[in-house]
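Single-letter residue listing:
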Amino acid sequence: MTEDLTRLGLIDDEDIVLDEAALSLARLDRPGIDLAPSHTLLNAIETQLSTVAGDAETPGERASALASVLADAFGFTGDSENYDDPANADFITVLDRRRGLPVSLSILWVAMARRLGWSANVLDVPGHVLVVVGAEAAPVIVDPFAGGVRVDAAGLAALVERHAGSGRAATHVAAMPNRAVLVRLLQNLASRAEQAGRGRRALDLYVRMTTMAPAYPHAWWERARLELVDHDVAAARGSLGAMLEITRDPGLRRRVTRTLDALPAG
């Protein structure tokens, strides 16, 4: 299973299959679990979606088919009552409970759309995650956490302003690369682990992030921070050094260099 994690860090981003990758990440915490029930459910969703969608061609028709199958028929929705439950970011459990976070549900929606050859991406919105169906002509934005409700331009602008501040435009919204989506999933688990006082668990999750997405500097920074909390200065130096290898941002490089210089010798 650790080989799966290493493979995710080596393959091209476009070769990552989101639902399979999310299952692999969840399985790291339960090595002996049988993934057959998860695969059976995903295949059943794909079969029903193919039937319901028929010859759906427009983004609107495809978004409606996704909502009809995932939200209405299979009952997937956001867990607003227990939002911070780590189970909502565990893809195996999300499939079992039909409840999840915006990012875990968006992975499911995008994965199912792509199985049918449709264009779909996870959309990074300040404070939230949405799904965009269609890439060119009249794409449709939906909110899987709310059962696939459509988000129009006004709704998107209001969402951005609510979380990013007045005057921020919807240009701050962007489709996420596959690897970034998986990092976002693990970050949810890491932040909840640290809030619960489980620093070692959070560190393990950041190690997974840097293995799977070595070009993402934020994960290296958080890994180094927790390694210092764990009094492992040598490991923190290694993580900060890795950051210097991957980032060309002058401000970030200065910050990392100052941090390295401030670390005790040894």
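Residues numbered from 1 in each chain as written. Predicted model: local features only at pLDDT ≥ 70, side-chain atom pairs only at ≥ 80, totals over all residues. Heavy atoms only, no water.

A.B. asks: Report on the sheet that holds strand E7 (residues 174–175), specifying residues and quantitative values.
C.D. replies: One open sheet holds the five strands; their spatial order is E6-E5-E4-E3-E7, and the pairing between them is antiparallel. Of all the strands in the sheet, just strand E6 (149–150) and E7 have a single pairing partner and so form its edges. Direction of pairing for strand E3 (residues 120–125) relative to E7: antiparallel, over a ladder of two bridges. The residue bridging Leu123 from the neighbouring strand is Ala175, located in E7. Contacting E3, strand E4 (128–133) and strand E5 (140–143), helix H6 (residues 102–115) crosses the sheet at an angle of about 10° to E4. (Pairing = 2+ DSSP bridges. Helix = DSSP H or I, 4+ residues; strand = E, 2+ residues; numbered from the N terminus. Contact = heavy atoms within 4.5 Å. Axes fitted to C-alpha atoms, helices over the stretch in contact; angles between N-to-C directions.)

A.B. asks: Before we move on, could you go through the packing of helix H2 (residues 18–27) against helix H8 (residues 178–195) and cite the residues and values that matter?
C.D. replies: For any two helices packed against each other, the geometry comes down to the angle between their axes and how far apart the axes lie. As a packed pair, H2 and H8 sit with axes 11 Å apart at the nearest point and diverge in direction by 35°. Crossing geometry of H2 relative to H8 is assigned as right-handed. Contacts between H2 and H8 involve Leu18, Ala21, Ala22 and Leu25 on the former and, on the latter, Asn178, Val181, Leu182, Leu185 and Leu186. Tallied by class, the residues present in the contact of H2 with H8 amount to eight nonpolar, one polar and no charged. (Left-handed = near helix turned anticlockwise from the far one by under 90°. Nonpolar A, V, L, I, M, F, W, Y, C, P; charged D, E, K, R; others polar.)

A.B. asks: How would you explain the packing of H6 against H8 if you had to name every residue and give the values?
C.D. replies: The contact between H6 and H8 brings their axes to 10 Å, and the two run at 150°. With respect to their mutual orientation, H6 and H8 come out roughly antiparallel. The handedness of the crossing between H6 and H8 comes out as left-handed. Here Val103, Ser104, Ile107 and Arg114 of H6 come into contact with H8, specifically with Asn178, Val181, Leu182, Arg184, Leu185 and Asn188. (Parallel < 35°, antiparallel > 145°, perpendicular 65-115°, else oblique.)

A.B. asks: Explain the pairing of E3 residue by residue, including any values.
C.D. replies: Here E3 pairs with E4 via six bridges, running antiparallel. By the bridge assignment, Asn121 is partnered in E4 with Val132. Counting the residues in the hairpin turn of E3 and E4 gives two residues, including Gly127, whose phi is positive at 80°.

A.B. asks: Account for the nonpolar core, naming residues and giving values.
C.D. replies: One finds Ile45, Leu66, Phe76, Leu108, Leu182 and Met212 to be the most contacted residues of the largest nonpolar core, which totals 68 residues. Take this core: its biggest share by element is nine residues, from H8. Beyond its immediate sequence surroundings of up to four residues, Leu108 is in contact with Leu42, Ile45, Leu70, Phe76, Phe91 and Leu95. Judged by nonpolar contacts, the second largest core, of 13 residues, contains Trp221, Val233, Leu244 and Leu252. (Core = buried A, V, L, I, M, F, W, Y, C linked by side-chain atoms within 4.5 Å. Buried < 20%, exposed > 50% of the residue type's maximum accessible area, 1.4 Å probe, protein only.)

A.B. asks: Explain the pairing of E5 residue by residue, including any values.
C.D. replies: Neither face of E5 is exposed, since Val140 and Val142 on one face and Ile141 and Asp143 on the opposite face are all buried. Of the pairings in the sheet, the one linking E4 to E5 comprises three bridges and is antiparallel in character. Considered in E5, the bridge of Val133 is made with Val140. Connecting the antiparallel pair E4 and E5 is a turn made up of six residues, with Gly134 showing a positive phi of about 95°. Of the strand pairs in this sheet, E5 and E6 are connected by two bridges, and their pairing is antiparallel.

Don't take any of this as a statement about function, it's just geometry.
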